Amino acid sequence: MGGFYRNLGKSGLRVSNVGLGTWVTFGAQVTDEMAEEMVTLAYESGINVFDTAEVYASGKAEIVLGKILKKKCWRRSSYIITTKIYWGGKSETEKGLSRKHIIEGLKGSLERLQLEYVDVVFANKPDPHSPMEEGNVPHSAVKFARYMEEIVRAFTHVINQGWAMYWGTSRWNAMEIMEAHSVARQFNLIPPIAEQAEYHLFQREKVEMQLPELYTKIGIGSMTWSPLACGILTGKYDDGVPIYSRASLKGYGWLKEKILCEDGRRQQAKLREVAIIADRLGCSLAQLSIAWCLKNDNVQCVLLGAASVDQLYENMQALQYLSKLTPAIMSEIDKILGNKPVIKKEVRDQR
């Protein structure tokens, strides 16, 4: 994978263009032994990004990943660990983006990971309790700026303490990311370097429209997740929900509903057409879906999830099909999907 490293945004951090995610799987869906095999396969194949979060399997995902890294004794400087802070526990003060939780949450993550530092700590979502959203008072924007200052100061603090190298955002909108950057510049603090966003064949707007502009303006990088839309893009839900699939798991009723609703059925019909293209290229629908994400030059790292070593190996092979996604093929896929975001040009009043 020597030629497959990119700078994350305009930072100096070199990330492999695919990373291994631990959502749903580590500490829950897969055994610790299988998790170790997957991390080993990824690392030995040149993947250097391993992503987790304090909320994954209620902290167990970080524990499992930490044990694997300790056992392997790989040089700490040879891989990148990213974690996300927001949902840490049931108590009111164990969630959100207060200075208290950012600092305590990251310390908790480091204990579970058995690491001195993570490479990137992400704010796992914008805080709905930000004063800006608690009422339409005239000075709400000022309140919001003060609250954002607390967030940026806290992330700057954990970096200055050596507990993280960089910080980023996840599921923030363009305005919130710009606000964080502006606050950092105003108070000589450290701005975020990247946004983690959902990106796949059926979720395109943000990554294709908003993030490239943020990259140009302030150097924000893109690390994307769910390239297979929680398994929807593998084609396994074509005939409903298989008994051992993610959509059949407890707590994933929302995914089951998404698949079985009318819109979900329409998506499956489009996927059958995309699968014909995959067949023509000699790859699986899953491999085509991942390669399609990587084809976007604005995406520096696509996080892969896998429920088995074989599945991870198959997903990693998607890199081989990048060159087969010619402009003509990409255009053919766009035509089937019918959802390519377009820049709306303002029509000026000629009167």
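Remember, predicted model here, so these are calculated numbers, not experimental data.

Draft legend 1. Inspection of the overall build of the protein at higher detail. Within the protein, the regular secondary structure consists of 12 helices and 10 strands. In the protein, which comprises 351 residues, the proportion classed as buried is 53%. Of all intrachain contacts in the protein linking residues separated by at least 6 positions in sequence, the fraction that spans at least 24 positions is 76%. With the model as given, the accessible surface of the protein reaches about 16900 Å², and the carbon-plus-sulfur share is 51%.

Draft legend 2. Region of interest: helix 2 (residues 32–44). Its 13 residues give helix 2 an end-to-end C-alpha distance of 18 Å, which sits within 8% of 18 Å, the value for a rise of 1.5 Å per residue. Every buried residue of helix 2 is listed here: Ala35, Glu36, Met38, Val39, Thr40, Leu41, Ala42 and Tyr43. Buried positions along helix 2 lie against strand 3 (18–21), helix 1 (25–29), strand 4 (49–51), helix 3 (60–72) and helix 11 (309–316). Where helix 2 terminates, the next one or two residues include Gly46, which has phi positive at roughly 100°.

Draft legend 3. Seen up close, the pairing of strand 7 (residues 164–170). Most of strand 7 is tucked away, with 5 of its 7 residues classed as buried. Pairing of strand 6 (residues 118–123) with strand 7 involves 5 bridges; the strand directions are parallel. The residue of strand 7 that forms the bridge with Val118 is Ala164.

Draft legend 4. Expanded view of the packing of helix 2 against helix 11. Packing of helix 2 against helix 11 brings their axes to within 9 Å, and their N-to-C directions diverge by 20°. By the angle between their axes, helix 2 is roughly parallel relative to helix 11. Relative to helix 11, helix 2 is oriented so that their crossing is right-handed. From helix 2, Met34, Glu37, Met38, Leu41 and Ala42 reach across to helix 11, where they touch Val309, Leu312, Tyr313 and Met316. For the contact of helix 2 with helix 11, the residue count by class is 8 nonpolar, no polar and 1 charged.

Draft legend 5. Highlighting the sheet that holds strand 10 (residues 301–304). Here we have 8 strands rolled up into a closed barrel, ordered 3-4-5-6-7-8-9-10, and parallel in their pairing. Geometrically, the sheet is characterised by an average inter-axis angle of 30° between neighbouring strands, direction not taken into account. As judged from the 2 bridges shared by strand 9 (residues 221–225) and strand 10, these two strands associate in the parallel manner. Bridged to Thr224 within strand 10 is Val302.

Draft legend 6. Layout of the packing of aromatic side chains. Tallied over the full model, the rule gives 7 aromatic pairs. With 6.4 Å between their ring centres and 75° between their planes, Tyr43 and Tyr79 make a pair best called edge-to-face. On the criterion of sequence distance, the pair formed by Tyr43 in helix 2 and Tyr79 in the loop between helix 3 and strand 5 (80–85) is long-range, its members being 36 residues apart. A ring pair is formed by Phe155 and Trp167, whose centres lie 4.5 Å apart and whose planes are at 5°; its orientation type is stacked. Note that Phe155 is positioned in helix 5 (residues 140–160) and Trp167 in strand 7, a separation of 12 residues in sequence. Judged by its relative accessible area of 0%, Phe155 falls in the buried class. The class of Trp167 is buried, set by a relative accessible area of 0%. Through a chain of ring-to-ring contacts, three or more aromatic side chains come together here, namely Tyr43, Trp74 and Tyr79.

Draft legend 7. Inspection of the pattern of salt bridges at higher detail. With the rule as written, the count across this model stands at 14 salt bridges. A salt bridge links Glu332 to Arg280; its shortest N-O distance comes to 2.8 Å. Of this pair, Glu332 sits in helix 12 (residues 327–337) while Arg280 sits in helix 9 (residues 262–281), and the two are 52 residues apart along the sequence. For the salt bridge of Asp334 with Lys340, the shortest nitrogen-to-oxygen distance reads 3.8 Å.

Draft legend 8. Quick peek at the side chain of Arg204. By the element assignment, Arg204 lies in the loop between strand 8 (194–198) and helix 7 (205–218). For Arg204, a relative accessible area of 6% gives the class buried. A polar contact of 2.9 Å, which involves the side chain of Arg204, links it to the side chain of Glu208. The residues touching Arg204, leaving out its near neighbours within four places in the chain, are Tyr199, Met209, Trp292, Asp334, Leu337, Asn339, Lys340 and Pro341.

Analysis parameters
- Each chain carries its own residue numbering, running from 1 in the direction its sequence is written.
- For a predicted model such as this one, the threshold for reporting local features is a pLDDT of at least 70, and the threshold for listing and counting side-chain atom pairs is 80 or more; totals across whole chains, interfaces and linings nevertheless cover every residue.
- Note that water and hydrogens are dropped before the side-chain values are worked out from all heavy atoms of the structure.
- Numbering of helices and strands starts at the N terminus; helices are DSSP runs of H or I of at least 4 residues and strands are runs of E of at least 2.
- Summary of the burial criterion: residues with accessible area below 20% of their type's maximum are buried, those above 50% are exposed, and those between are partly exposed, where the area comes from a 1.4 Å probe applied to protein chains only.
- Only heavy atoms matter for contacts: two residues are in contact if any of them lie within 4.5 Å across the pair.
- Areas reported here follow the Shrake-Rupley algorithm with a probe of radius 1.4 Å; residue values treat only the protein chains shown as occluding.
- Take the residue count of a helix, subtract one, and multiply by 1.5 Å to get its expected span.
- Any two strands with at least two DSSP-identified bridges between them are counted as paired.
- Note on definitions: angles span 0 to 180 degrees between N-to-C directions of axes, and those axes are lines fitted to C-alpha atoms, for helices only across the stretch in contact.
- By the definition adopted for this analysis, an angle is roughly parallel if under 35 degrees, roughly antiparallel if over 145, roughly perpendicular if from 65 to 115, and oblique otherwise.
- In a left-handed crossing the near helix is turned counterclockwise from the far helix by less than a right angle, and in a right-handed crossing that turn is clockwise.
- Residue polarity is assigned by list, with Asp, Glu, Lys and Arg as charged and Ala, Val, Leu, Ile, Met, Phe, Trp, Tyr, Cys and Pro as nonpolar; anything else, Gly included, falls into the polar class.
- Planes of paired rings set the category: under 30 degrees apart is stacked, over 60 is edge-to-face and the rest tilted, where pairs are Phe, Tyr or Trp rings (Trp by its six-membered ring) whose centres lie within 6.5 Å.
- By definition, a salt bridge exists where a carboxyl oxygen of Asp or Glu is found within 4 Å of a side-chain nitrogen of Lys or Arg.
- Under this definition, polar contacts are N or O atom pairs within 3.5 Å; protein pairs additionally need one hydrogen-donor-capable and one acceptor-capable atom, and for neighbouring residues in sequence, both atoms have to be side-chain atoms.

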